[in-house]
Amino acid sequence: VETAAITSDMVTSINQTNDISPLPVITDELKGSGFLTEYRLERARVRSKEFGLLRDIVGNPESTANAREAAYLKLVDLIDREEKELQAETLIKSQGYQDCAVVITAGGTTVMLKGGQTGQVGQENIIKTVSLATGNNQKSIAVIKIDDK
């Protein structure tokens with residue numbers, strides 16, 4: 001992760017921007033998807049809290065410069081991770097999978113799938129797709145089939 005000096009414009013931008021913690025949009029497609037939908041909703045709730053706490057630290061004039069910088073870098077990392085997860089999920093669904101959720105952590109990436117071909121070839125294709133979308137090593141990506149009835 002590249003680090004850069006935090007400017008007052010960056011702090012002002014973060015404090016004035018509401019698009020850092022997007023709320024989940026529930027569509028007819030998501031209703032009834034079960035476990036994966038519940039997982040994504042819970043992930044969105046937890047991240048919303050994380051975004052709020054980090055924004056509070058960044059925007060608090062009583063926070064030390066180091067604390068503000070660390071919070072800013074965590075915000076950037078969280079946003080980057082969320083974008084990569086969403087991109088990977090979209091690419092997986094475009095391959096004909098009914099539903100999926102991608103989870104990126106420091107230890108690796110987990111892909112939870114519903115529907116579609118998940119044999120050896122299917123898993124290899126998913127791993128390649130997720131690696132391209134996230135920049136993560138293929139060996140750090142695990143694929144789990146969810147039987148959600």
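Residues numbered from 1 in each chain as written. Predicted model: local features only at pLDDT ≥ 70, side-chain atom pairs only at ≥ 80, totals over all residues. Heavy atoms only, no water.

### What to know about the pairing of strand E2 (residues 108-114)
- By the criterion of burial, E2 is predominantly enclosed, with 6 of the 7 residues buried.
- Across 7 bridges, strand E1 (residues 99-105) lies against E2 in antiparallel orientation. The residue bridging Ala-101 from the neighbouring strand is Met-112, located in E2.
- Sheet topology note: the E2/strand E3 (residues 141-145) ladder contains 5 bridges and is parallel. Along E3, the bridge assignment pairs Leu-113 with Lys-145. (Buried < 20%, exposed > 50% of the residue type's maximum accessible area, 1.4 Å probe, protein only. Helix = DSSP H or I, 4+ residues; strand = E, 2+ residues; numbered from the N terminus. Pairing = 2+ DSSP bridges.)

### Observations regarding helix H3 (residues 65-93)
- With 29 residues, H3 extends 42 Å from end C-alpha to end C-alpha; this agrees with the ideal 42 Å at 1.5 Å per step.
- Taken residue by residue, H3 has Ala-71, Tyr-72, Leu-75, Leu-78, Glu-82, Glu-85, Ala-88, Glu-89 and Ile-92 as its buried positions. (Expected span 1.5 Å × (residues − 1).)

### Things to note about the packing of helix H2 (residues 35-59) against H3
- Relative to each other, H2 and H3 sit at 155 degrees, their axes nearing to 8 Å. Classified by the angle between their axes, H2 and H3 sit roughly antiparallel to one another. In this structure, H2 meets H3 at a crossing whose hand is left-handed. The segment H2 lies against H3, with Arg-40, Arg-43, Arg-47, Glu-50, Phe-51, Leu-54, Arg-55, Ile-57 and Val-58 engaging Ala-67, Arg-68, Ala-71, Tyr-72, Lys-74, Leu-75, Leu-78, Ile-79, Arg-81, Glu-82, Glu-85 and Glu-89.
- When grouped by side-chain class, the residues that make up the contact of H2 with H3 number 10 nonpolar, no polar and 11 charged. (Axes fitted to C-alpha atoms, helices over the stretch in contact; angles between N-to-C directions. Parallel < 35°, antiparallel > 145°, perpendicular 65-115°, else oblique. Left-handed = near helix turned anticlockwise from the far one by under 90°. Contact = heavy atoms within 4.5 Å. Nonpolar A, V, L, I, M, F, W, Y, C, P; charged D, E, K, R; others polar.)

### Here's the deal with the sheet that holds E1
- What the 3 strands build is an open sheet, ordered E1-E2-E3; its pairing is mixed. Each of the sheet's edge strands pairs with one partner strand only, and the pair in question is E1 and E3. Taking each pair of neighbouring strands and ignoring which way they run, the sheet shows an average axis angle of 15 degrees.
- Its contacts with the sheet put H3 on E1 and E2, and the angle it makes with E1 is roughly 150 degrees.

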